[in-house]
Amino acid sequence: TKRATMIFVAVRAVSILALLLCTSLAEADELKYPLEEQSLPPLPESIEGAIVGRSGGALIVVGGRDTEGKSLSARAFVLADGAAQWQVLKIETPVADAAFVTVGDEIVYMGGETTTGIAATAFRVRYVDGELVSVPLPVFPAPIAQACAVAIGDKLYLVGGLGRDGNPVADNFLSLDLAEPSPWQ
């Protein structure tokens, strides 16, 4: 059944990502951002399926959709270290349910749902001088949403997800070297 297939794909994706994450943590000398608990101001609007990461000394929340699932957000929210409120920025293409990972001082997001459907695109995003700067990466072989991503060094791995038809993509395992972006492998 479709539900059993989705569960199988999810378990497989989580297993692969857990293995990659454990390998990545074992190779790390120290965490770049040590974990510490702190209270944050509430976001200006309630969203789900957003891209979240750090860049330029700030926590960044990009896109997503309203909690009723009716419309995609064309905004990004930026909370600079030590700031008391979120800065609101407009983004060019609304996106939700993308795979994302912070790599160095940039957020990389892949696929997701846009106003034109499921995307096969990927972008590097940096927060520089109060603005989000977006640089495209090579496109995927096929559109994907709700996938999982992890980075080990400059190498990105993307696993699982849903295809354009909304069905699970059981054999999706892609990689991209950010040091020399060429087609996804």
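Look above for the structure.
Fair warning: this is a prediction, and the values are worked out from it, not measured in the lab.

Quick notes on the rules
Residues numbered from 1 in each chain as written. Predicted model: local features only at pLDDT ≥ 70, side-chain atom pairs only at ≥ 80, totals over all residues. Heavy atoms only, no water. Helix = DSSP H or I, 4+ residues; strand = E, 2+ residues; numbered from the N terminus. Buried < 20%, exposed > 50% of the residue type's maximum accessible area, 1.4 Å probe, protein only. Contact = heavy atoms within 4.5 Å. Pairing = 2+ DSSP bridges. Axes fitted to C-alpha atoms, helices over the stretch in contact; angles between N-to-C directions.

Asker: So what's going on with the environment of isoleucine 144? Which residues, and what values?
Answerer: For isoleucine 144, the position within the fold is in the loop between strand S12 (131-137) and strand S13 (148-152). Judged by its relative accessible area of 4%, isoleucine 144 is buried. Along the backbone, isoleucine 144 and glycine 166 are 22 residues apart, and their C-alpha atoms lie at a distance of 9.0 Å. Isoleucine 144 has contacts with Gly111, Gly112, Ile118, Ala119, Leu158, Gly160, Gly161, Leu162, Val169 and Asn172, leaving out every residue within four places of it along the chain.

Asker: Run through the sheet that holds strand S15 (residues 173-177), naming residues and quoting values.
Answerer: Strand order in the open sheet made by the three strands is S13-S14-S15, with antiparallel pairing throughout. In this open sheet, the two strands that pair with only one neighbour each are S13 and S15. Direction aside, neighbouring strands of the sheet carry axes that sit 20° apart on average. In this structure, S13 lies alongside strand S14 (residues 155-159), joined through five bridges in antiparallel fashion. Its bridge partner lying in S14, alanine 151 is registered against leucine 156.

Asker: Mind laying out the pairing of strand S7 (residues 99-103), listing which residues take part and the relevant values?
Answerer: Residues Ala99, Val101 and Val103 of S7 are buried on one face, while the alternating residues Phe100 and Thr102, pointing to the opposite face, are not. Here S7 runs beside strand S8 (residues 106-110); their pairing, made up of five bridges, is antiparallel. Looking at S8, one finds that valine 103 is bridged to glutamate 106. The turn joining S7 and S8, which pair antiparallel and follow one another in sequence, is formed by two residues; a positive phi near 60° is taken by glycine 104.

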